[in-house]
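For reference, the chains in residue letters:
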Amino acid sequence: MSAREKITGVILAGGQGRRMGSVDKGLVELRGRPMAEWVIERLRPQVDELIINANQNAERYATFGYPVFPDDIGGFAGPLAGLHAALSRAQHPLVATAPCDSPFLPEDLVERLYRALDAAGAELAVARTFDQPHPVFCLCRRDVLPHLDEFLASGGRKIDFWYATLKIIEVQFDDKEAAFRNINTRDELDDVDRIDR
Ligand SMILES: Nc1nc2c(ncn2[C@@H]2O[C@H](COP(=O)(O)OP(=O)(O)OP(=O)(O)O)[C@@H](O)[C@H]2O)c(=O)[nH]1
């Protein structure tokens, strides 16, 4: 069996959090700790390098102890802009993404995405539950960067449209632990607080 390739993990915290009242969602607290910290705790053991993509409050994010960088395409162009910046900065040949608002992401997320990507010879592996893909939970080859460059330069913004142009494999997870739940509103934050984790 060949050795696992090295993986850079990126926390995507570059959004505007409008549905929560235009807050920086990664810094919103769940049980007294910023959501980004929950995600860092889950993702860090799964990867070889961790970096944080944030467009605001860079100094605060830096206190978590990992490199912080903004989008390199302006105007809040969506998660693909964060992935673009991450692919440019990653030290390793593969990049795993997780949104800053998914505190209970699976502990075997990267391992399972990697196994599927490797077996299929794919460029990108995406998590899926039931019939729903979760495109911001993905593992991506760094060398798709020129392709993403072209897509963004032509005005493309929708993450699932870009994925459709790649050799992609979807990986089925069960969602018994609400692992892929992302938190968009205050009500959803209260709701997830009730989950016993
Ligand atoms: N880098 C980067 N990430 C983004 C951008 N927009 C959204 N994201 C990230 O993509 C993931 C899903 O974001 P959403 O919850 O859909 O968007 P949001 O901007 O955070 O929140 P809303 O304004 O309520 O839609 C989160 O991890 C966001 O941080 C962006 O313009 N740049």
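Residues numbered from 1 in each chain as written. Predicted model: local features only at pLDDT ≥ 70, side-chain atom pairs only at ≥ 80, totals over all residues. Heavy atoms only, no water.

Taking an unreviewed UniProt entry as the reference, the protein is identified by name as Molybdenum cofactor guanylyltransferase belonging to Aromatoleum diolicum. As its UniProt record puts it under Function (unreviewed entry), the protein is described as follows: "Transfers a GMP moiety from GTP to Mo-molybdopterin (Mo-MPT) cofactor (Moco or molybdenum cofactor) to form Mo-molybdopterin guanine dinucleotide (Mo-MGD) cofactor." (UniProt positions renumbered as here; feature names shortened; annotations may be inferred.)

Our focus in this paragraph is the site of the ligand. The environment of the ligand is formed by 21 residues, the closest being L12, Q16, R18, N53 and D71. Here an oxygen atom of the ligand sits 3.1 Å away from a polar atom, N or O, in the main chain of G15. Between the ligand and R18 there is a distance of 2.7 Å, counted from an oxygen atom to a backbone nitrogen or oxygen. Contact with the protein chains covers 89% of the free accessible surface of the ligand, which is 610 Å². Elements supplying a minimum of two residues to the shell around the ligand: β1 (7–13) and α3 (79–89). Its residues assigned to classes, the shell around the ligand comprises seven nonpolar, nine polar and five charged. (Near = heavy atom within 4 Å. Polar contact = N/O pair within 3.5 Å; in protein donor to acceptor, adjacent residues only side chain to side chain. Areas by Shrake-Rupley, 256 points an atom, 1.4 Å probe, with all protein chains shown as cover. Helix = DSSP H or I, 4+ residues; strand = E, 2+ residues; numbered from the N terminus. Nonpolar A, V, L, I, M, F, W, Y, C, P; charged D, E, K, R; others polar.)

Here the focus is the layout of surface pockets. For the largest pocket, the calculated volume is near 650 Å³. G15, Q16, R19, K25 and P79 are the residues nearest the centre of the largest pocket, which is lined by 24 residues in total. Among the elements of the structure, β1 and α3 are those that each provide at least two residues to the lining of the largest pocket. Class assignment of the residues belonging to the lining of the largest pocket gives a composition of nine nonpolar, ten polar and five charged. Lining the second largest pocket are P79, Q132, P133, H134, P135, V136, F137, I159, D160, F180 and N182. Breaking the lining of the second largest pocket down by element, the ones donating at least two residues are β8 (132–141) and α6 (159–163). Of the residues forming the lining of the second largest pocket, the biggest block, six residues, is contributed by β8. Partitioning the lining of the second largest pocket into residue classes produces seven nonpolar, three polar and one charged. (1 Å grid on protein atoms, 1.4 Å probe; cavity = no way out; pocket = protein on both sides within 12 Å on 5 of 7 lines; lining within 4 Å. Points joined across faces, edges and corners; volume = space filled by probe spheres on them.)

Quick look at the UniProt feature "domain: MobA-like NTP transferase" (unreviewed entry) in the protein now. When the UniProt feature table is mapped onto this chain, "domain: MobA-like NTP transferase" (unreviewed entry) is found at residues 9–159. As annotated, residues 9–159 comprises 31% helix and 26% strand, and the C-alpha atoms at either end are separated by 18 Å.

With that out of the way, let us pick up the pattern of salt bridges. Tallied over the entire structure, the rule returns twelve salt bridges. The salt bridge involving R141 is made with E5; its shortest N-O contact spans 2.8 Å. In this pair, R141 is assigned in strand β8 and E5 in the segment before β1, connecting sequence segments 136 residues apart. E5 sits in the partly exposed class, given a relative accessible area of 24%. (Salt bridge = Lys/Arg side-chain N within 4 Å of Asp/Glu carboxyl O. Buried < 20%, exposed > 50% of the residue type's maximum accessible area, 1.4 Å probe, protein only.)

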